[in-house]
Amino acid sequence: MTDIQEEVSVAELAQEVARLREELGAATRLAQRAEDRGQVENLFNRYMYLHNAFEDEQIIPLWVKEGTEGIRARYTNAGQYTTWERVTRYHRDRPHPVGKLILHATNTPVIEVAADGKTAKGVWMMAGTESGLTDPEVAKGFPEMYSPDEVLGKKVWAHWVWCKYAIDFLKQDGEWKFWKFRCYELARAPFEENWVSFGLKNRGAFDLDLMYFGDDGKAVFMPPADEPAPEPNYPYDPETVQKLEPVPPVAHDTFEDTFK
């Protein structure tokens, strides 16, 4: 083999090594993004399993660390929460009321991990049921939401419920955490009524700062919001037009604050 042939062979080998390194790097990045996507989806699914079992205290460690800049949560039109204490207050001291059921099943995820691997965005839909028993005197404050019959001497609320979620995640110390959380109630209806007629009666309910119905069906309200909601959410009623909200995330390089 001549010196020229040897030089060509070495050059070709160097090019092949460079190409393989580039392919390996791309495959490694792709595998990491797939791993990150799976972890993000598991995080939200874990949240929902805990929430369905009234184990919200276990959800608190799933949030970013106290003092993390940009933390945010919003559940109603009453406003949004922008401090770690106010955000995690939603999960503190939630009771395990006798006879209460929450069964929220999430579906249709669209999850995009930023190319830099630091943040991720996801949207989900949720279809579920909620039910509980309320002392008749307490039930007088929310007459439209109850079934006509009583069980064990108490009023019954049994609802179908549909929501959407838009969530930003932050990777902290190698683990994915909730960072910005938004829940949009889409529609609900008592078991005995359709969501069209109930939607007309219930159109103002999302403006209230109701957090949950606790022991004996008593209403428990959210703490005062840190700031107003930038834009209101309008659950379905027969006089509204549906719109694409939240907009599903698309591939992106770095964090973009798209879920307002």
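Fair warning: this is a prediction, and the values are worked out from it, not measured in the lab.

Undergrad: Could you clarify how one ought to interpret the environment of Pro-235 in this entry?
TA: As for its placement among the helices and strands, Pro-235 is situated in the segment after strand 9 (219–221). Relative accessible area serves as the criterion here: at 16%, Pro-235 is assigned to the buried category. Spatially, the C-alpha atom of Pro-235 lies 4.5 Å from that of Leu-186, the residues being 49 residues apart in sequence.

Undergrad: Explanation requested: the pairing of strand 1 (residues 72–76) in the structure shown.
TA: Residues in a regular strand project their side chains so that they alternate between the two faces of the sheet. In terms of burial, strand 1 is largely enclosed, as 5 of its 5 residues are buried. Relative to strand 7 (residues 175–190), strand 1 runs parallel, the two sharing 3 bridges. Its bridge partner being in strand 7, Ala-73 is matched across the sheet by Phe-181. Where strand 1 and strand 2 (residues 79–81) come together, 3 bridges link them in antiparallel fashion.

Undergrad: I'm lost on the environment of Trp-176 in this one. Help?
TA: With respect to the helices, strands and loops of the structure, Trp-176 is situated in strand 7. A residue is classified by how much of its surface remains accessible, and Trp-176, at 5% relative accessible area, is buried. Sequence separation between Trp-176 and Lys-118 is 58 residues; the distance between their C-alpha atoms is 9.0 Å. The residues touching Trp-176, leaving out its near neighbours within four places in the chain, are Asp-36, Gln-39, Val-40, Leu-43, Val-113, Gly-117, Lys-118, Thr-119, Ala-120, Phe-169, Leu-170 and Lys-171. A polar atom in the side chain of Trp-176 sits 3.1 Å from the side chain of Asp-36.

Undergrad: Explanation requested: the packing of aromatic side chains in the structure shown.
TA: The geometry of an aromatic ring pair comes down to the distance between the two centres and the angle between the two planes. Per the stated rule, a full pass over the model turns up 17 aromatic pairs. Ring geometry for Tyr-75 against Tyr-90: centres 4.0 Å apart, planes inclined by 10°, an arrangement best described as stacked. Of this pair, Tyr-75 sits in strand 1 while Tyr-90 sits in the loop between helix 2 (84–89) and strand 3 (101–113), and the two are 15 residues apart along the sequence. Like Tyr-90, Tyr-75 is buried. Members of the aromatic cluster, connected to one another through ring pairs, are Phe-44, Tyr-47, Trp-63, Tyr-75, Tyr-90, Trp-124, Tyr-165, Phe-169, Phe-178 and Phe-181. Its end group placed over the ring of Phe-259, Lys-121 keeps NZ or CZ at 4.3 Å from the ring centre. Looking at Lys-164, its charged tip hangs above the ring of Tyr-184, at a distance of 5.9 Å from the centre.

Rules behind the numbers
Residues numbered from 1 in each chain as written. Predicted model: local features only at pLDDT ≥ 70, side-chain atom pairs only at ≥ 80, totals over all residues. Heavy atoms only, no water. Helix = DSSP H or I, 4+ residues; strand = E, 2+ residues; numbered from the N terminus. Buried < 20%, exposed > 50% of the residue type's maximum accessible area, 1.4 Å probe, protein only. Pairing = 2+ DSSP bridges. Contact = heavy atoms within 4.5 Å. Polar contact = N/O pair within 3.5 Å; in protein donor to acceptor, adjacent residues only side chain to side chain. Phe/Tyr/Trp six-rings, centres within 6.5 Å; stacked < 30°, edge-to-face > 60°. Lys NZ or Arg CZ within 6 Å of the ring centre and 35° of its normal.

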